[in-house]
Amino acid sequence: MHPLNDLTDATEEFLSAPLRLTIDLEAIAENWRMMAARSGSARTAAVVKADAYGLGIEDVGETLYGAGVRDFFVAVPSEGETLRIYAPEARIFVLSGIWPGQEATFFNNDLVPVIASEEQLAFWMATSAERGDHPCALHVDTGFNRLGLSMREAVELASDVSRPASFSPVLVMSHLACGDDPQASMNQAQLQSFQEVAAAFEGIDASLSASGGIGLGSDYHFEMTRPGIALYGGLATTNGTPASLTVAKAEARILQIREAKAGDTVSYGAACKLDRDSRLAVAAVGYADGYLRNLSGHGVALREPLPVGASGFVAGQRVPVLGRVTMDQTIFDVTDLPTDSVTAGDYIELFGPNISVNELAEAAGTISYEILTSLGLRYERRYL
Ligand SMILES: *Cc1c(COP(=O)(O)O)cnc(C)c1O
């Protein structure tokens, strides 16, 4: 049995929850070890921003720390503050940098700001001079045009002899725009720019690659890699299959099985008209749970250019979503399943071992990252 399907140790609460999320922490650790092996001689950090991509920064952070991770990336200081409890000796980098008012959070929790602009640099130089030595990281933009010092600013900084002695960057980093596409010529261009940056900051560790970049080869690894999505099973290979172990299963309880007639309509807008007598399973999941409205079978404007809606998995088969996904319920077509193979109270897999999070994301016209970080608060969670 797939470990995510084993309910041996599940609590009563979990067994009766409308929505359940099972998270295999050992699989997350194994995915990190796999990324570390692929990163060659580079150190491998772990990106745990946005509550570890929706899977829980406390449990995931503790697991990865136990597996040997000593460099973490979060987006905002509050995430770093939470993580510090579970990763006492690790370096925790904060990607959004430091802002006035956040000094106490940074210094009390020993967080490392990632400085990404001249304004932040000036603020940090003044702050760190007052405080004495405290590490920082520098983000340099090599073509993404999101965060980072420009190449010129970075190279000038590297050779600026007047910078204060208390200013001590421990990492210089950049981010690839097309790391998930080995064919993109942008990768080579960003690599060349970043090689210049790394040379200008000789002696300081450099980091360019997230999950996708790790697969582009050892030139892209520098001293540190920064995988996120690959740890959570959401990195896809070119044919769409998961590139790492599946780590989570999301399920919804079926609240009702209904019989409907050919010609009846289903869900809001009466946009789905049945062309046969049908059996419908109404499941306790909706867009408030990150089961995006774009997963609808019919009747959603953005849905129309996409070929089909999402499928769930129940009684050993895939079953399609019918009509519009609503806030709290979604309707699946179980007509093709043997009668009695699915009843009210059963659980339907939304993503997991049978339907990858990538596949679900694709059905919604989005990416696994968005599915995972949208899960919402109603899932009863169980960690293996
Ligand atoms: C989110 C993020 C990562 C991790 O990216 P994945 O594609 O999830 O591996 C790494 N670096 C930066 C700067 C990021 O914003």
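Predicted model only: the values in this text are computed from it and were never measured. (Residues numbered from 1 in each chain as written. Predicted model: local features only at pLDDT ≥ 70, side-chain atom pairs only at ≥ 80, totals over all residues. Heavy atoms only, no water.)

This part covers the pattern of salt bridges. Scanning the entire structure with this criterion turns up 14 salt bridges. Between aspartate 205 and arginine 43 there is a salt bridge, with the nearest N and O atoms lying 3.4 Å from each other. Placement of aspartate 205 in strand 9 (residues 205-207) and of arginine 43 in strand 2 (residues 43-44) is noted, with a sequence separation of 162 residues between them. The network of salt bridges with shared partners includes Arg43, Asp71, Arg91 and Asp205. (Salt bridge = Lys/Arg side-chain N within 4 Å of Asp/Glu carboxyl O. Helix = DSSP H or I, 4+ residues; strand = E, 2+ residues; numbered from the N terminus.)

Here we take up the packing of helix 4 (residues 57-67) against helix 5 (residues 77-86). The angle between the axes and the distance between the axes are what describe a pair of packed helices. One way to put it is that helix 4 packs onto helix 5 with a least axis distance of 9 Å and a crossing angle of 50 degrees. Between helix 4 and helix 5, the angle falls in the class oblique. Viewed along their axes, helix 4 and helix 5 form a crossing whose handedness is right-handed. The segment helix 4 lies against helix 5, with Ile57, Glu58, Gly61, Glu62 and Tyr65 engaging Glu79, Thr82, Leu83 and Tyr86. Its residues assigned to classes, the contact of helix 4 with helix 5 comprises four nonpolar, two polar and three charged. (Axes fitted to C-alpha atoms, helices over the stretch in contact; angles between N-to-C directions. Parallel < 35°, antiparallel > 145°, perpendicular 65-115°, else oblique. Left-handed = near helix turned anticlockwise from the far one by under 90°. Contact = heavy atoms within 4.5 Å. Nonpolar A, V, L, I, M, F, W, Y, C, P; charged D, E, K, R; others polar.)

What follows concerns the packing of aromatic side chains. Tallied over the entire structure, the rule returns six aromatic pairs. For the ring pair tyrosine 53 and tyrosine 369, a centre distance of 6.0 Å and an interplane angle of 35 degrees mean the geometry is tilted. Remark: tyrosine 369 occurs in helix 12 (residues 368-373) and tyrosine 53 occurs in helix 3 (residues 49-53); sequence separation between them is 316 residues. On the basis of relative accessibility, which here comes to 6%, the residue tyrosine 53 falls in the buried class. With a centroid separation of 4.9 Å and 80 degrees between ring planes, the pair formed by phenylalanine 194 and phenylalanine 222 is classed as edge-to-face. One end of the pair, phenylalanine 194, is in helix 9 (residues 185-200); the other, phenylalanine 222, is in the loop between helix 10 (211-214) and strand 10 (224-225), with 28 residues separating them in the sequence. Three or more aromatic residues joined by ring pairs form one cluster here, namely Tyr53, Tyr232 and Tyr369. The ring of tyrosine 347 is capped by arginine 20, whose NZ or CZ atom sits 3.4 Å from the centre of that ring. (Phe/Tyr/Trp six-rings, centres within 6.5 Å; stacked < 30°, edge-to-face > 60°. Buried < 20%, exposed > 50% of the residue type's maximum accessible area, 1.4 Å probe, protein only. Lys NZ or Arg CZ within 6 Å of the ring centre and 35° of its normal.)

The residues that UniProt annotates with the feature "modified residue: N6-(pyridoxal phosphate)lysine" (unreviewed entry) are Lys49. In this fold, lysine 49 is placed in helix 3. Note on lysine 49: relative accessible area 27%, which makes it partly exposed. Lysine 49 has contacts with Phe73, Val74, Ala75, Glu79 and Leu95, leaving out every residue within four places of it along the chain. (UniProt positions renumbered as here; feature names shortened; annotations may be inferred.)

When helix 4 is considered as a whole, its buried residues turn out to be Ile57, Val60, Gly61, Thr63, Leu64 and Tyr65. Directly after helix 4, the chain includes glycine 68, whose backbone phi takes a positive value near 115 degrees.

With respect to spatial proximity, 14 residues lie near the ligand, and among them Lys49, Tyr53, Ser211, Ile229 and Tyr369 are the closest. Within the side chain of tyrosine 53, a nitrogen or oxygen atom sits 2.5 Å from an oxygen atom of the ligand. Histidine 175 is positioned with one of its side-chain polar atoms (N or O) 3.5 Å from a nitrogen atom of the ligand. When isolated, the ligand has an accessible area of 390 Å², and the protein chains bury 91% of it. (Near = heavy atom within 4 Å. Polar contact = N/O pair within 3.5 Å; in protein donor to acceptor, adjacent residues only side chain to side chain. Areas by Shrake-Rupley, 256 points an atom, 1.4 Å probe, with all protein chains shown as cover.)

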